[in-house]
Amino acid sequence: MVKKQDGITLMSLVIYVLTVTIVTSILIQINFNFSTNYSKLKDEGNDMVEFNNFNAQLLKDIKQVKTTIVAPSGSSFSNQTTFTLEDGTTYTYDSENKGIYRNEVKICSYVVECRFSKITQTVLNTHKEILGVYITFGEGDQVHGSKNMEYVLKYY
């Protein structure tokens, strides 16, 4: 009689090692992707919080009655770093401190670039005064994203 041999054969050992290697590789790749995406999300999340703060302040000022831009003077301007509303509220981009200020109070950080523009559009005999805001967010040499927004100041 032949005895039954229990144990690991060479073939089952090779299959086991390959399976463990493949599963480990997949888990390492998933962990790496998760860590990379989480750090990107964390950085971009800070930018969105800053933009939301700026957006809320600007919308609050724009919603006031008879809001218009008084400085820089003229019917239109582009690529400015500052503007003043009719009630005296001034928005300024400071490239040294990488922030946007509302009357000397910093309301937005992590701003790499910011430009304001004002245009007047006529649609069906109705004039619209529009404030354009272009903001690029980032930190150091890294750019995380940009926003190009238009705010209608008034119809007349």
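Quick caveat: nothing in here was measured; it's all calculated off a predicted structure.

Draft legend 1. Region of the structure containing the overall build of the protein chain. Regarding its fold elements, the protein chain presents one helix and nine strands. Out of the 156 residues belonging to the protein chain, those deemed buried represent 27%. Pairs at least 24 residues apart make up 45% of the contacts formed inside the protein chain by residues separated by at least 6 positions. Approximately 10,800 Å² of the protein chain is accessible, and the part contributed by carbon and sulfur atoms is 56%.

Draft legend 2. Up close: unusual backbone geometry. For Asn103, which is not glycine, the phi torsion reads 50 degrees and is therefore positive. Examined against the element boundaries, Asn103 turns out to sit in the loop between strand 5 (99-102) and strand 6 (105-108). Positive phi values are uncommon outside glycine, yet Glu104 reaches one of about 75 degrees. For Glu104, the location among the structural elements is in the loop between strand 5 and strand 6. Look at Glu104 and you get exposed, because its relative accessible area is 75%.

Draft legend 3. Representation of the pairing of strand 5. On strand 5, burial covers both faces: Gly99 and Tyr101 on one face and Ile100 and Arg102 on the other are all buried. Direction of pairing for strand 4 (residues 90-94) relative to strand 5: antiparallel, over a ladder of four bridges. By the bridge assignment for strand 5, Asp94 is matched with Gly99. Here strand 4 folds back onto strand 5, and the loop between the two strands holds four residues, one of which, Lys98, carries a positive phi near 55 degrees. Taking the residues between adjacent antiparallel strands as the criterion, strand 5 and strand 6 are bridged by two residues, where Asn103 takes a positive phi near 50 degrees.

Draft legend 4. A look at the confidence of the model for the protein chain. For the protein chain, per-residue confidence averages 83 on the pLDDT scale, and 85% of positions sit at 70 or higher. The secondary-structure element of the protein chain with the lowest mean pLDDT is strand 1 (residues 69-71), recorded at 68, while strand 5 shows the highest, at 92.

Draft legend 5. Geometry of the pattern of salt bridges. For the structure shown, the criterion picks out two salt bridges. Salt-bridge contacts for Asp61 lead to Arg102; the nearest nitrogen and oxygen are separated by 2.8 Å. Taken together, the residues span a long stretch of sequence, with Asp61 in helix 1 (residues 10-62) and Arg102 in strand 5 at a distance of 41 residues. Per residue, the accessibility class of Asp61 equals that of Arg102, and both read buried. For Glu113, the salt bridge identified is with Arg115, shortest N-O distance 2.3 Å.

Draft legend 6. A look at the packing of aromatic side chains. Tallied over the full model, the rule gives six aromatic pairs. Of the aromatic side chains, those joined through ring pairs into one cluster are Phe51, Phe54, Phe83, Tyr91, Phe116 and Phe137.

Draft legend 7. Spotlight on the pairing of strand 3 (residues 82-85). Pairing of strand 3 with strand 4, which is carried by three bridges, proceeds in the antiparallel orientation. Paired with Thr84 across the bridge in strand 4 is Thr90. Connecting the antiparallel pair strand 3 and strand 4 is a turn made up of four residues, with Gly88 showing a positive phi of about 100 degrees.

Draft legend 8. View of the nonpolar core. Among the nonpolar cores identified, the biggest contains 21 residues, and Phe54, Leu58, Ile100, Leu131 and Ile135 are the most heavily contacted of them. At the level of secondary structure, the elements contributing two or more residues to this core comprise helix 1, strand 3, strand 4, strand 6, strand 7 (111-123), strand 8 (126-139) and strand 9 (142-155). Not counting residues up to four positions away in its chain, the partners in contact with Ile100 are Phe54, Thr92, Tyr93, Val105, Lys106, Ile107, Cys108, Val111, Cys114 and Ile135.

Calculation notes
- Counting restarts for each chain, with residues numbered from 1 along the sequence as it is written.
- Predicted model: local features are reported for residues with pLDDT of at least 70 only, side-chain atom pairs are reported and counted for 80 or more only, and whole-chain, interface and lining totals are derived from all residues.
- Excluded from the side-chain calculation are hydrogens and water; included are all heavy atoms of the structure.
- Helix and strand definitions here come from DSSP, where helices need a minimum of 4 consecutive H or I residues and strands a minimum of 2 consecutive E residues; each element is numbered from the N-terminal end.
- Working definition: with a 1.4 Å probe on protein chains only, accessible area under 20% of the residue-type maximum means buried, over 50% means exposed, and in between means partly exposed.
- Contact criterion: two residues are considered in contact whenever any of their non-hydrogen atoms come within 4.5 Å of each other.
- Where accessible areas are quoted, they stem from the Shrake-Rupley method and a 1.4 Å probe; at the residue level, only the protein chains shown are allowed to cover.
- A pair of strands is treated as paired once DSSP finds two or more bridges between them.
- The predictor reports its confidence for every residue as pLDDT, a score running from 0 up to 100.
- Put simply, a salt bridge is a Lys or Arg side-chain nitrogen that is within 4 Å of an Asp or Glu carboxyl oxygen.
- Side-chain rings of Phe, Tyr and Trp (the six-membered ring for Trp) are treated as a pair once their centres are within 6.5 Å; stacked means planes under 30 degrees apart, edge-to-face means over 60, and tilted covers the remaining angles.
- Take the buried Ala, Val, Leu, Ile, Met, Phe, Trp, Tyr and Cys residues and link them wherever side-chain atoms come within 4.5 Å; each set so joined is a nonpolar core.

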